[in-house]
Amino acid sequence: MIEQIRDKIEQKRFELSEHALEQGIRRAIRVRELTEAIASGEIIEDYPNDKYGPSCLIFGFTRANRPLHVQCSYPSRPNLKIITLYEPAPRLWIDFKIRRPNDE
């Protein structure tokens with residue numbers, strides 16, 4: 001599935017949700033960084049039963065080595081929907097890939 005997501009990004013067949021746009025502005029994440037993170041990324045969580053439609057969480061690094069998480073729809077839509085994006089907090093993630101237990 002990651003290859004299909006990358007294809008949509010390369011073809012510029014994606015759109016940002018209002019939430020993703022707001023988060024990108026608030027966190028100073030450029031579209032270029034979003035595309036770089038997906039190009040180098042991997043799916044770390046899968047949400048096939050999400051109430052808004054199937055989606056997944058991708059973790060990747062930008063060319064400047066900035067870690068990013070990008071939640072997007074499955075690539076079955078005509079345009080990939082970027083749901084949210086953020087720089088993961090190390091206190092919440094192990095190697096930016098595994099959620100830390102709440103009791104740590």
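Shown above is the structure to which this text applies.
Every residue gets a number counted from 1 within its own chain, in the order that chain's sequence is written. Given that this is a predicted model, residues contribute local features only at a pLDDT of at least 70 and side-chain atom pairs are listed and counted only at 80 or more, while totals for whole chains, interfaces and linings are drawn from all residues. Heavy atoms from the whole structure form the basis of all side-chain values; hydrogens and water molecules are not counted.

Undergrad: Whenever I open this one, the overall build of the protein chain confuses me. Can you help?
TA: If you tally the helices and strands in the protein chain, you get three helices and seven strands. Comment: elements are numbered from the N terminus, with helices defined as DSSP H or I runs of at least four residues and strands as E runs of at least two. When the helices and strands of the protein chain are listed from N to C terminus, the series reads α-β-α-α-β-β-β-β-β-β. If one aligns the C-alpha atoms of the protein chain with their principal axes, the spans along those axes are about 40 × 30 × 25 Å. The contact rule is simple, with two residues in contact once any of their heavy atoms fall within 4.5 Å. Expressed as a percentage of contacts within the protein chain between residues at least 6 apart in sequence, the contacts between residues at least 24 apart total 52%. Using a 1.4 Å probe, accessible areas were evaluated by the Shrake-Rupley method; residue-level cover was limited to the displayed protein chains. Accessible area for the protein chain stands at about 6500 Å²; split by element, carbon and sulfur atoms hold 50% of it. Only four residue types enter the tally: Lys and Arg on the positive side, Asp and Glu on the negative side, with His and both chain ends excluded. The atoms used to mark charge sites are NZ of Lys, CZ of Arg, CG of Asp and CD of Glu. Across the protein chain, the centroid of the 17 positively charged side chains sits 5 Å from that of the 16 negatively charged ones.

Undergrad: I'm lost on the side chain of Arg6 in this one. Help?
TA: Along the chain, Arg6 falls in helix α1 (residues 2–10). Residues contacting Arg6, with those up to four places away along its chain left out, are Ile38, Ala39, Ser40 and Gly41.

Undergrad: Where do I start with the packing of aromatic side chains in this structure?
TA: How two aromatic rings sit relative to each other is set out by the distance from centre to centre and by the angle between their planes. Only rings of Phe, Tyr and Trp enter the pairing, Trp through its six-membered ring, and a pair is recorded when the two centres are within 6.5 Å. The plane angle decides the type: under 30 degrees is stacked, over 60 is edge-to-face, the rest tilted. Overall, the coordinates contain three aromatic pairs when judged by the stated rule. Ring geometry for Phe61 against Phe96: centres 6.3 Å apart, planes inclined by 85°, an arrangement best described as edge-to-face. With Phe61 in strand β3 (residues 55–61) and Phe96 in the loop between β6 (93–94) and β7 (98–99), this residue pair connects regions lying 35 residues apart in the sequence.

Undergrad: Looking at this model, I keep getting lost on the nonpolar core. Mind explaining?
TA: One broad rule of soluble globular proteins: the nonpolar side chains tend to lie buried together. By size, the foremost hydrophobic cluster in this structure holds 17 residues, and its most contacted members are Ile38 and Ile82. At the level of elements, α1, α3 (31–40), β3, β4 (67–73) and β5 (80–86) are the ones that each hand at least two residues to this core. Ignoring any residue separated from it by four or fewer positions in sequence, one finds Ile82 in contact with Ile9, Phe14, Glu15, Leu16, Ser17, Ala20, Leu34, Ile38, Val70, Gln71 and Cys72. Counting five residues, the second largest nonpolar core, distinct from the first, contains Leu57, Phe59, Tyr86 and Trp93. The nonpolar core is taken to be a set of buried Ala, Val, Leu, Ile, Met, Phe, Trp, Tyr and Cys residues, with the residues joined through side-chain atoms within 4.5 Å. Exposure is judged per residue with a 1.4 Å probe applied to protein chains only, and the accessible area is read against the type maximum: over 50% gives exposed, under 20% gives buried, and values in between give partly exposed.

Undergrad: I would appreciate a short explanation of helix α2 (residues 18–26) in the present structure.
TA: Since the α-helix packs 3.6 residues into each turn, any two residues three or four apart lie on the same face. Within the span of α2, buried status applies to Ala20, Gln23 and Gly24. Viewed end-on, α2 has its buried residues packed into an arc of 100°, placing them on one side of the element. Set apart from the buried face of α2 by more than 90 degrees, the exposed residues are Glu18, Ile25 and Arg26. Elements in contact with the buried residues of α2: β1 (14–16) and β5. Phi for Ala28, located one or two positions after α2, is positive at around 55°. Arc definition: directions from the helix axis to the C-beta atoms.

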